[in-house]
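These are the residues of each chain, in order.
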Amino acid sequence: MSFNNDGKQLVTVSQDGKIQSWNFDGKILTDLNIGNSKLNYARFSPNGKTIVTAEADGILRVWDISGRKLAELSSYDSNFKGVSFSYDSQRIAIRDLNEARIWELSGRQIGVFSLFKDFTPDGKYVITHDYPNVQIQSIKRLDELLDEGCNWLQDYFLKNPEALEKLYVCQVNDLGMEKPVDKKLIYNIQKNLNK
């Protein structure tokens, strides 16, 4: 059971597969029956538009408040401690005793962090704590990391243009289309080739 961020709604789950959200007048706002699932956990997202449920068999599901299933997340084990949302409600951390798995609402896992404590307000970083050390670590998807790596290599590509030709990932984006390469970089590569 959990309250939404403004404290005006409560979400409950039951062992017979019911998910319900209520206002303080006792009116049921969301009434879902997902079948024979034994539910034992529910949490509202900060924006109040999403609910995460955990089932006794270890499956977590993400729902919108109308009852549409958005994603099914990997199973958890007996060390499950709960779910944390990023403040923008776009990412979910599934916490256990030792780590947190970070997921996008689409159901794509984007990271695993030990000693997770919370998200930063912009949702782009996680805070980890191992007394006395506190760290703020970036959360980036693989495509973001690859783009960042290719950008770091631009100076190298100036002196080694053949390397850019061999490094396919720096030539295309995740849709398989050619990436717009910095025109200054292309000019400098051509200039170096003509020497």
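Thresholds, definitions, all that
- Residues numbered from 1 in each chain as written.
- Predicted model: local features only at pLDDT ≥ 70, side-chain atom pairs only at ≥ 80, totals over all residues.
- Heavy atoms only, no water.
- Pairing = 2+ DSSP bridges.
- Helix = DSSP H or I, 4+ residues; strand = E, 2+ residues; numbered from the N terminus.
- Axes fitted to C-alpha atoms, helices over the stretch in contact; angles between N-to-C directions.
- Patch = residues over 30% accessible without salt bridge, like charges linked within 9 Å, V, L, I, M, F, W, Y side chains within 5 Å.
- Areas by Shrake-Rupley, 256 points an atom, 1.4 Å probe, with all protein chains shown as cover.
- Salt bridge = Lys/Arg side-chain N within 4 Å of Asp/Glu carboxyl O.
- Buried < 20%, exposed > 50% of the residue type's maximum accessible area, 1.4 Å probe, protein only.
- Contact = heavy atoms within 4.5 Å.
- Phe/Tyr/Trp six-rings, centres within 6.5 Å; stacked < 30°, edge-to-face > 60°.

### Focus on the sheet that holds strand β14 (residues 125–130)
Phase 1: Spatial ordering of the open sheet is given by β13-β14-β15, a layout of 3 strands whose pairing is antiparallel. Each edge of the open sheet is held by one strand with a lone partner, namely β13 (116–119) and β15 (133–138). On average, adjacent strands in this sheet sit at an angle of 25° to one another, irrespective of strand direction.
Phase 2: With 3 bridges joining them, β13 and β14 adopt antiparallel strand pairing. Of the residues in β14, the one forming a bridge with Phe119 is Val126.

### Quick look at the sheet that holds strand β8 (residues 69–73)
Phase 1: The strand order across the open sheet formed by 4 strands is β5-β6-β7-β8, and the pairing between neighbours is antiparallel. At either end of the open sheet lies a strand with only one pairing partner, and these are β5 (39–44) and β8. Adjacent strand axes in the sheet meet at a mean angle of 20° when their direction is disregarded.

### A few points about a nonpolar patch on the surface
Phase 1: Judged by side-chain polarity, Leu142, Leu145 and Leu146 come together as a nonpolar surface patch covering roughly 280 Å² of accessible area.
Phase 2: A relative accessible area of 61% means that Leu142 is categorised as exposed.

### Remarks on the environment of Leu97
Phase 1: Looking at the secondary structure, you find Leu97 in the loop between β10 (91–95) and β11 (99–104).
Phase 2: Looking at Leu97, the relative accessible area reads 53%, which means it is exposed.
Phase 3: It is 8.4 Å that separates the C-alpha atoms of Leu97 and Leu115, two residues lying 18 residues apart in sequence.
Phase 4: Look past the residues within four positions of Leu97 in its chain and what remains in contact with it is Asn79 and Lys81.

### Considering the packing of aromatic side chains
Phase 1: Scanning the model with the defined rule gives 2 aromatic pairs in all.
Phase 2: Judged by centre distance (5.4 Å) and plane angle (70°), the rings of Phe116 and Phe119 are edge-to-face. Across this residue pair, the class does not change: Phe116 and Phe119 are buried.

### Describing the pairing of β15
Phase 1: Pairing between β14 and β15: 6 bridges, direction antiparallel. Bridging across to β15, His129 finds its partner in Val134.

### Digging into the pattern of salt bridges
Phase 1: All told, the structure shown has 7 salt bridges when counted by the stated rule.
Phase 2: Put simply, Glu55 and Arg61 hold a salt bridge, and the shortest N to O gap is 1.9 Å.
Phase 3: What makes Glu55 buried here is its relative accessible area of 2%.
Phase 4: Through salt bridges that share partners, Glu55, Arg61, Lys69 and Glu72 make up one connected network.

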